[in-house]
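This is what each chain is made of:
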Amino acid sequence: MPRPAKEKRDKPTFIEEARRAQIVSAAREIFLQDGFEKSTISQIAKSIGVSKGVILYHFGNKTDLGQTVIEEILTSYGSYIAEQLAKEKPAVDKILAFPMVCAKFMEENQDNFILYLDTLGSFGDIEKKRTYMAQANQIQRDYLVRLIDEAKKNGDVAGVNSVTLADTIQAFVDGINSQFCADPKTVNPVQCAKLFRNFLRESLLR
């Protein structure tokens, strides 16, 4: 029976941070190779030449490790979006650019999304999955709602519910993401994003 992860200090040591990063990197590779469900802590430990106990010292179990992998993916995704949209000035331009930015990240990081979908779908009961997904989606929804409210305040957008528009944009991004992961040779996220951006422009700016 795995022992609980150790109590964390306020700030991990450099060695602890390096070891955790090494474990997470190895886990990503193993999860991608064999799938989260079939992967084991022992397999991950062997790939980096440490004992199973070393991994359980940093992570309580495989689920904890899987959640850390997911969090890193979402963090890199969010950072990329924020960095790219910072180049746009008016809020309405950020809204119009959002689908394209997400699509470009998808094309450049397809493995991230495959890993996210597989890992998220393989641990916890259905209610835990829904709760986790809702929390992750709410971060992006709140960001979009803030942009839409700002565009309204600037007089660039009118006549639309901010949350409904945010959910519509998010639904497009998530839908194209799933289709691209399933059939990358056929689905072109960037071309789809261009078309969706045109729809948004015609709807918001008329």
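Along each chain, the written sequence defines residue order, and numbers are assigned to residues from 1. Note on the predicted model: pLDDT of at least 70 is required for a residue's local features to be given, and 80 or more for side-chain atom pairs to be given and counted; whole-chain, interface and lining totals, by contrast, use all residues. Note that the side-chain values use all heavy atoms of the structure and ignore hydrogens as well as water.

Let us now look at the layout of surface pockets. To find leftover empty space, one rolls a probe the size of a water molecule over the atoms. Computed over the protein atoms alone on a 1 Å grid, cavities are sets of points where a 1.4 Å probe fits but cannot get out and pockets are open sets with protein on both sides within 12 Å along at least five of seven lines; a residue lines them when it has an atom within 4 Å of a point. Grid points are joined across faces, edges and corners, and a volume is the space filled by probe spheres set on the points. Empty space within the largest pocket amounts to approximately 750 Å³. In this description a helix means any DSSP run of H or I spanning at least four residues, a strand means any run of E spanning at least two, and both kinds are numbered starting from the N terminus. Here the lining of the largest pocket gets 10 residues from one element, more than from any other, and that element is helix α7 (residues 126-153). In this classification, the charged set is Asp, Glu, Lys and Arg, the nonpolar set is Ala, Val, Leu, Ile, Met, Phe, Trp, Tyr, Cys and Pro, and all remaining amino acids, among them Gly, are polar. Taken together, the residues that form the lining of the largest pocket break down as 16 nonpolar, nine polar and four charged.

Looking at where A103 falls in the secondary structure, it is placed in helix α5 (residues 91-108). Under the scheme applied here, a residue whose accessible area is under 20% of the maximum for its type counts as buried, over 50% as exposed, and between as partly exposed, the area being computed with a 1.4 Å probe on protein chains only. A relative accessible area of 1% places A103 in the buried class. Considered as a pair, A103 and N188 are 85 residues apart in the sequence and their alpha carbons are 8.6 Å apart. Those residues in contact with A103 that lie beyond four places of it in its chain are P189, V190 and A193. Only heavy atoms enter the contact rule, under which two residues are in contact if any of them lie within 4.5 Å.

In this description, an aromatic ring pair is defined by two values, namely the gap between the centres and the angle between the planes. Classification of ring pairs uses Phe, Tyr and Trp, with its six-membered ring standing for Trp, and accepts pairs whose centres are within 6.5 Å; under 30 degrees between planes counts as stacked, over 60 as edge-to-face, and the remaining range as tilted. This structure, assessed with the given rule, holds seven aromatic pairs. Seen from their ring centres, F31 and F36 are 4.9 Å apart, and the 65° between their planes marks the pair as edge-to-face. Residue classification places F31 among the buried positions, given a relative accessible area of 2%. By relative accessible area, F36 is classed as buried at 2%. Ring centres of Y77 and F113 lie 5.3 Å apart, and the angle between their planes is 85°; this geometry places the pair in the edge-to-face category. Here Y77, found in helix α4 (residues 62-85), pairs with F113, found in helix α6 (residues 110-120); they are 36 residues apart in sequence, far enough to count as distant. For F113, a relative accessible area of 5% corresponds to the buried category. Counting as a charge over the ring demands two things of the Lys NZ or Arg CZ atom: a distance within 6 Å of the ring centre and an angle within 35 degrees of the ring normal. The ring of F36 is capped by K62, whose NZ or CZ atom sits 4.6 Å from the centre of that ring.

Let us now look at the nonpolar core. One finds F98 and I169 to be the most contacted residues of the largest nonpolar core, which totals 37 residues. For this core, the secondary-structure elements that each account for two or more residues are α4, α5, α7, α8 (162-182) and α9 (189-204). For this core, the element with the highest residue contribution is α5, accounting for 12 residues. By size, the runner-up hydrophobic cluster in this structure holds 22 residues, among which are A45, I48, I55 and V69. To form a nonpolar core, buried Ala, Val, Leu, Ile, Met, Phe, Trp, Tyr and Cys residues must be joined to one another through side-chain atoms within 4.5 Å.

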